[in-house]
Amino acid sequence: MSGSERAGPRGVTEPAGARAERPAAALGGRYRSPLYILITIAITIFVAEAGAMILLHSLPHASPLVEALIDSSLLVVLISPALYFFLFRPLILHIDERRRIEERLNYLAYHDEITGLANGTLFDDRLNQALAIAKRDQYPVAVLFLDLDRFKLINDSLGRPFGDRLLKAVGERLVESLRESDGIFRFGHEANATVARLAGDEFIVLLPRIAAAKDAVTVAKRLLLYLPQPFTLGEQQVTVTGSIGISLYPTDGDTGESLLRNAAAAMYRIKGQGGDNFQFYSSEINAKTLERLTMETALRRALEEDQFLLHYQPQLDLATGKIIGMEALVRWKHP
């Protein structure tokens, strides 16, 4: 586990984004700690005393009263608060704010702003790490690609703010369901699951070091069991389901890109069959996907190159021999 990760309860990596819940001010709060305040005061007094000494030596003909005032601690007492409030305190606040901004930007570079989960960049990194370990130790890795069914309808009818709140609630529920399934994971932190949000209503789950494909089935079933439970957001209650595509290392790919692509293909296959279920990737799915893409490309080219021909065919009444209608046919003059 890298230094940026934290293990959550029961061995599951926190939604990659557990730190998002911390107030922004807490990120740089170290500069407001008693230790830093004491150090700042000490530096302020030192600077004030040094300034007093410099002032004393720069006034060789000063009156005894002025010399006594400078040589005493009274001047230090008078100067120190001014130095602190007008010089050091604004400087500390500036450093504090700059560090908070830097930490926030660094956080957003690897986490989804809406859900607090890992984003695609962080997920790719964890997937590549998991594959490196799996290649070394010869263990399967599973990638689950989940897409919410009919989320667009909810988003369009109830508004984007409500949709964002629902996505956040879905992310929390996915993490919680993984915590309930952690009995399938093995060998400590290397087996931590990662939940990420790619874009829109697409989520990905990484299951490293599983024992067999049945473990991925266990997790998929639990996700599909937890997900349809009603979400109550404010005064509105909604129910969503999901479609899950599963790809396995090494049978379905040996790179992160191929595993994600194949898991997505399996997800679209089950989504096209009504959703609310899961589907393992197979070469047949890839062949059908390729066939569909080839057909779509050919149809687009046919439109651009006027390969479609329109024909009208009469419809006859066999009893009277009269034309009773016309039938329009489109023929494809495929090269």
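Residues numbered from 1 in each chain as written. Predicted model: local features only at pLDDT ≥ 70, side-chain atom pairs only at ≥ 80, totals over all residues. Heavy atoms only, no water.

Undergrad: What is the right way to read the overall build of the protein chain from this model?
TA: Helix and strand counts for the protein chain stand at 10 helices and nine strands. Here the protein chain, with 335 residues, has 39% of them falling under the buried criterion. Counting contacts in the protein chain only where the partners sit at least 6 residues apart, residues at least 24 apart contribute 65% of the total. (Helix = DSSP H or I, 4+ residues; strand = E, 2+ residues; numbered from the N terminus. Buried < 20%, exposed > 50% of the residue type's maximum accessible area, 1.4 Å probe, protein only. Contact = heavy atoms within 4.5 Å.)

Undergrad: I tried to follow the pattern of salt bridges on my own but got confused; where do I start?
TA: For side chains bearing opposite charge, pairing can occur when the charged atoms are close. This model, assessed by the stated rule, comprises eight salt bridges. In this structure, Glu172 and Lys168 form a salt bridge, with 3.7 Å as the shortest nitrogen-oxygen distance. You can see Glu172 and its partner Lys168 sitting in helix α7 (residues 160-180), four residues apart, about one turn around the helix. For Glu172, a relative accessible area of 47% gives the class partly exposed. What makes Lys168 partly exposed here is its relative accessible area of 26%. Of the charged contacts in the structure, one is a salt bridge between Arg301 and Glu305, with a shortest N-O distance of 3.9 Å. Judged by relative accessible area, Glu305 falls into the partly exposed class, the value being 47%. Where salt bridges share partners, they join Arg136, Asp137 and Arg209 into one cluster. (Salt bridge = Lys/Arg side-chain N within 4 Å of Asp/Glu carboxyl O.)

Undergrad: What am I meant to see in the nonpolar core here?
TA: Generally speaking, nonpolar side chains in soluble globular proteins are found buried as a group. Grouped together as the largest cluster of nonpolar side chains are 36 residues, with contacts concentrated most on Leu144, Leu166, Val170, Leu207 and Ile244. Elements represented by at least two residues in this core include exactly β1 (141-148), α6 (151-158), α7, β3 (202-207), α8 (213-226), β4 (231-233) and β6 (242-249). Ranked by residue count, the leading element in this core is α7, at eight residues. Grouped together as the second largest cluster of nonpolar side chains are 19 residues, Ala118, Ala130, Leu131 and Ala264 included. (Core = buried A, V, L, I, M, F, W, Y, C linked by side-chain atoms within 4.5 Å.)

Undergrad: Honestly, the packing of helix α5 (residues 120-137) against helix α9 (residues 256-272) in this entry has me stumped. Any pointers?
TA: Pairs of packed helices are described in terms of their axes, by the angle between the two and the distance that separates them. It is the contact of α5 with α9, at a shortest axis distance of 9 Å, that shows an interaxial angle of 110°. Classed by the angle they form, the pair α5 and α9 counts as roughly perpendicular. Contacts from Phe123, Asp124, Leu127, Asn128 and Leu131 in α5 reach Gly256, Leu259 and Leu260 in α9. Class assignment for the residues of the contact of α5 with α9 results in five nonpolar, two polar and one charged. (Axes fitted to C-alpha atoms, helices over the stretch in contact; angles between N-to-C directions. Parallel < 35°, antiparallel > 145°, perpendicular 65-115°, else oblique. Nonpolar A, V, L, I, M, F, W, Y, C, P; charged D, E, K, R; others polar.)

Undergrad: I would appreciate a short explanation of the environment of Pro228 in the present structure.
TA: Position of Pro228 among the secondary structure elements: in the loop between α8 and β4. Judged by relative accessible area, Pro228 falls into the partly exposed class, the value being 25%. Along the backbone, Pro228 and Thr239 are 11 residues apart, and their C-alpha atoms lie at a distance of 5.5 Å. Leaving out residues up to four positions away in the same chain, Pro228 has contacts with Arg173, Thr239, Val240 and Thr241.

Undergrad: Help me understand the side chain of Arg209, please; the structure alone is not making it clear to me.
TA: Mapped onto the elements, Arg209 comes out in the loop between β3 and α8. Arg209 gets classed as buried once you look at its relative accessible area, which sits at 8%. Of the polar contacts made by the side chain of Arg209, one reaches the side chain of Asp137; its length is 3.2 Å. (Polar contact = N/O pair within 3.5 Å; in protein donor to acceptor, adjacent residues only side chain to side chain.)

Undergrad: Just to check I follow, could you spell out a nonpolar patch on the surface for this structure?
TA: Taken together, the side chains of Leu310, Tyr312, Leu316, Ile323, Met326 and Val330 make up a nonpolar region of the molecular surface, amounting to roughly 670 Å² of accessible area. By the element assignment, Ile323 lies in strand β9 (residues 323-332). (Patch = residues over 30% accessible without salt bridge, like charges linked within 9 Å, V, L, I, M, F, W, Y side chains within 5 Å. Areas by Shrake-Rupley, 256 points an atom, 1.4 Å probe, with all protein chains shown as cover.)

Undergrad: Would you explain α8 in this entry?
TA: Because an α-helix packs 3.6 residues into every turn, residues spaced three or four apart end up facing the same way. Its 14 residues place the ends of α8 20 Å apart at the C-alpha level, agreeing with the 20 Å of an ideal helix rising 1.5 Å per residue. Considered for burial, the residues of α8 that qualify are Asp215, Ala216, Val217, Val219, Ala220, Leu223, Leu224 and Tyr226. (Expected span 1.5 Å × (residues − 1).)

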